[in-house]
Amino acid sequence: MKKYKIAVIPGDGVGPEVIREGIKALKAVAEVIPNLNFELIEYPFGWAHYKKTNELIPENALGEISKMDAIYFGAIGHAEAPVGLLEQGILLKLRFYFDQYVNLRPIKLYPGIPCPLKDKTPKDINFYVVRENTEDFYVALGGRFKKACAESLELNRELYKLKLDLNAKSNQNEEFSYQLGIISKSGAKRVIEYAFELCKRKGLKKVTSVDKANVLSHIYSLWREAFTEVSKKYSNIQTEFAFVDAIAMWFVKNPEWYEVVVTPNMFGDILTDLGAMIQGGMGLAPGGNINPKGISMFEPIHGSAPKYAGLNVVNPIATILAGQLMLDHLGEEKAANLLDKAVEEVLAEGKVRTKDLGGISKTSEVGDEIVKKIKELSKV
Ligand code: IPM
Ligand code: MN
């Protein structure tokens, strides 16, 4: 019997209620798939915990989690929290600590979901965005100064340690700010390689690389070189480059063109919110923060939506599909396909839907309906 140890971090806002439904679905799958079991270890990290203890996520918890199989993450963020404190101190901390260098975000229109792009159907909208998850402008190196500064900036990553010394001087008594983006060759190559491997594993044929090398030429020409080098190992896979502004337009105009899209971190952040919209909304979009050889973390890409917290009204499907991605990542393909099919059928039937999809069902009713469907499908 395979028993996966999963760290569960429900977080803030609607996080706990969507994670509750996600766990329900995972348990239902485990009940009907032979030799599959979960041990769930819950952690309280988030705003309430921080307010009580002044602790974001302590080293000992990270140590414990490093012995587990995966992390299932709800959402963090609270109106009272200083901007970025929880995001950087918990979510990005986990991504960087476990070197989850791939951010995998499927863009898939399920049947029965009204698509904002008139005339596009589920067969037109079904691709993956693979977002680099540890570098680019997310390295948080930067500062502000008046007239001059002398600073030492440090970046500690699993792949390397880097120290940059900055000496700046202006002829004006002006206030300046700057933010550095860093891309390393091996940091780019490893995520691009993941994208090509995903393309192969899913039986797809094309990988598109995103950048803005026409303007931000230092940082993204290195990305391009990395892409070109990696692509040489995959002669059966077609490749192309796209500028980020153009691909934003093409996501809307011709989503059927895309199969696997690999992108630097910052552009990936923006493009996957757009992707979530073309697949029907934030309520349906899951994400995986993946370290292919380490501890990966799965979460809905929506935030904590404090306005709806505790009301049992938000759509849990993004979180349930994050569980589906987790199963797929763990190699539990049969369980993953069953869960996907259950979601697909419940959506296609259209009887049980939360408000974001024009329905009146509660968060928990959607979870219950998917559980029912899992049981039904496992009998045929
Ligand atoms: C996401 C979110 C995060 C990001 C924030 C919460 C740090 O927007 O997962 O896309 O920018 O990566
Ligand atoms: Mn985002």
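Parameters and conventions
Residue positions are given per chain, counted from 1 along the sequence in the order it is written. Naming scheme: in the order in which they are written, chains are lettered from A and ligands are numbered from 1. Note on the predicted model: pLDDT of at least 70 is required for a residue's local features to be given, and 80 or more for side-chain atom pairs to be given and counted; whole-chain, interface and lining totals, by contrast, use all residues. Only hydrogens and water are set aside when side-chain values are computed; all heavy atoms of the structure are taken into account. Secondary structure elements are defined from DSSP: runs of H or I of at least 4 residues count as helices, runs of E of at least 2 residues count as strands, and each element is numbered from the N terminus. Note on method: radius of gyration uses C-alpha positions; expected globular size equals 2.2 Å times residues raised to 0.38. Only protein chains enter the accessibility calculation, which uses a 1.4 Å probe. A residue is then buried if its area is under 20% of the maximum for its type, exposed if over 50%, and partly exposed in between. Only heavy atoms matter for contacts: two residues are in contact if any of them lie within 4.5 Å across the pair. Areas reported here follow the Shrake-Rupley algorithm with a probe of radius 1.4 Å; residue values treat only the protein chains shown as occluding. Under this rule, positive means Lys or Arg and negative means Asp or Glu; His and the chain ends count for nothing. To locate a charge, take atom NZ for lysine, CZ for arginine, CG for aspartate or CD for glutamate. Given a helix with a known number of residues, its expected span is that number minus one, times 1.5 Å. Working definition: residue near molecule or strand if any one of its non-hydrogen atoms lies within 4 Å of it. Contacts described as polar in this section are N or O atom pairs within 3.5 Å, which, within protein, must combine one atom able to donate a hydrogen with one able to accept it, while residues neighboring in sequence count only if both atoms come from side chains. In this analysis a 1.4 Å probe is tested at points of a 1 Å grid over the protein atoms alone, and where it fits but cannot get out there is a cavity; an open set with protein on both sides within 12 Å along at least five of seven lines is a pocket; lining residues have an atom within 4 Å of a point. A molecule is said to be in a cavity or pocket once over half of its atoms fall within 2 Å of that pocket's grid points. Residues are grouped as follows: Ala, Val, Leu, Ile, Met, Phe, Trp, Tyr, Cys and Pro are nonpolar; Asp, Glu, Lys and Arg are charged; every other residue, Gly included, is polar. We call a set of buried residues a nonpolar core when its members are Ala, Val, Leu, Ile, Met, Phe, Trp, Tyr or Cys and they connect through side-chain atoms within 4.5 Å of each other. For each domain, the first and last residues come from an automatic or database assignment. Grid points are joined across faces, edges and corners, and a volume is the space filled by probe spheres set on the points. When two parts are put together, the accessible area they lose, computed with a 1.4 Å probe and summed over both, is reported as buried area. Just to be clear on terms, a salt bridge is a Lys or Arg side-chain nitrogen sitting within 4 Å of an Asp or Glu carboxyl oxygen.

1. Notes on the overall build of the chain
Tallying secondary structure elements over the chain gives 11 helices and 14 strands in all. Computed over its C-alpha atoms, the radius of gyration of the chain comes to 21 Å, within 12% of the 21 Å expected for a compact globule of 380 residues. Reported as C-alpha extents along the three principal axes, the dimensions of the chain are approximately 75 × 55 × 40 Å. A total of 380 residues make up the chain; the buried ones form 54% of that total. Taking the intrachain contacts of the chain between residues at least 6 apart in sequence as the baseline, contacts between residues at least 24 apart amount to 75%. Accessible surface, the chain: about 17400 Å² in total, of which carbon and sulfur atoms supply 52%. The centroid of the 49 positive side-chain charges in the chain is displaced by 1 Å from the centroid of its 48 negative side-chain charges.

2. A look at helix H9 (residues 317-329)
Compared with the 18 Å implied by 1.5 Å per residue over 13 residues, the 18 Å span of H9 between its first and last C-alpha is a close match. Among all positions of H9, only Ile317, Ala318, Thr319, Ile320, Leu321, Ala322, Gly323, Gln324, Leu325, Met326, Leu327 and Asp328 are buried. Note on H9: the residue one or two positions beyond its end, Gly331, has a positive phi of about 90°.

3. With respect to the site of ligand 1
Around ligand 1 sit Glu87, Leu91, Arg95, Arg105, Arg131, Tyr138 and Asp269, and that is every residue in its neighbourhood. Arg105 places a side-chain nitrogen or oxygen 2.7 Å from an oxygen atom of ligand 1. Between an oxygen atom of ligand 1 and a side-chain N or O atom of Asp269, the distance comes to 2.9 Å. Given that more than half its atoms are within 2 Å of the pocket grid, ligand 1 belongs to the second largest pocket. The residue makeup of the shell around ligand 1, split by class, is two nonpolar, no polar and five charged.

4. Remarks on the environment of Ile320
Mapped onto the fold, Ile320 is located in helix H9. Its relative accessible area of 1% is what places Ile320 among the buried residues. Each C-alpha atom, one on Ile320 and one on Ile370, is 9.2 Å from the other, the two residues being 50 residues apart in sequence. Excluding residues that lie within four positions of it along the chain, Ile320 makes contacts with Glu21, Gly22, Ala25, Tyr72, Leu339, Val343, Gly367 and Ile370.

5. As for the nonpolar core
Tyr72, Val130, Ile192 and Ile370 are the most contacted members of the largest nonpolar core, which totals 86 residues. Mapping this core onto the domain boundaries places at least three of its residues in each of domain 1 (1-101 + 286-380) and domain 2 (115-135 + 183-279). Aside from chain neighbours lying at most four places away, what touches Val130 is Val102, Asn103, Leu104, Val191, Tyr194, Ala195, Leu198, Val260, Val261, Val262 and Thr263. Among the nonpolar cores identified, the runner-up in size contains 23 residues, and Ala7, Phe45, Trp47 and Ile65 belong to it.

6. Observations concerning the layout of surface pockets
Estimated volume of the largest pocket: approximately 470 Å³. Secondary structure elements with two or more residues in the lining of the largest pocket: strand E4 (102-108), strand E5 (126-132), H9 and helix H10 (333-349). In terms of residue count, the dominant contributor to the lining of the largest pocket is H9 (four residues). Partitioned by chemical class, the residues of the lining of the largest pocket number eight nonpolar, five polar and seven charged. Counting contributing residues per domain, the lining of the largest pocket is built from domain 1 (1-101 + 286-380) and domain 2 (115-135 + 183-279), each supplying no fewer than three. Each pocket or cavity is described by its volume, and for the second largest pocket that value is around 370 Å³. Forming the walls of the second largest pocket are 25 residues, and the residues nearest its centre are Ile76, Glu87, Leu91, Arg95 and Ile301. With five residues, the single largest contributor to the lining of the second largest pocket is helix H4 (residues 85-97). Looking at side-chain class alone, the lining of the second largest pocket contains 12 nonpolar, six polar and seven charged residues.

7. Focus on empty space enclosed by the protein
All chains considered together, the criterion is met by one cavity of 30 Å³ or more. Taken together, Asn315, Ile317, Val346, Leu347, Val352, Arg353, Thr354, Leu357 and Val366 make up the full set of residues lining the largest cavity. When its residues are assigned to classes, the lining of the largest cavity shows six nonpolar, two polar and one charged.

8. Quick notes on the domain arrangement of the chain
Taken domain by domain, the chain holds domain 1 (1-101 + 286-380), domain 2 (115-135 + 183-279) and domain 3 (139-180). Relative placement of domain 2 and domain 3: their C-alpha centres are 30 Å apart. With six residues of domain 2 in contact, the opposing surface of domain 3 contributes four residues. Contact between domain 2 and domain 3 buries roughly 400 Å² in total, counting both sides, with carbon and sulfur atoms accounting for 54%. Looking at the side of domain 2 facing domain 3, the largest losses of area belong to Thr134, Glu135 and Arg190, adding up to 75% of the total buried there. Our enumeration of links across domain 2 and domain 3 arrives at zero salt bridges.

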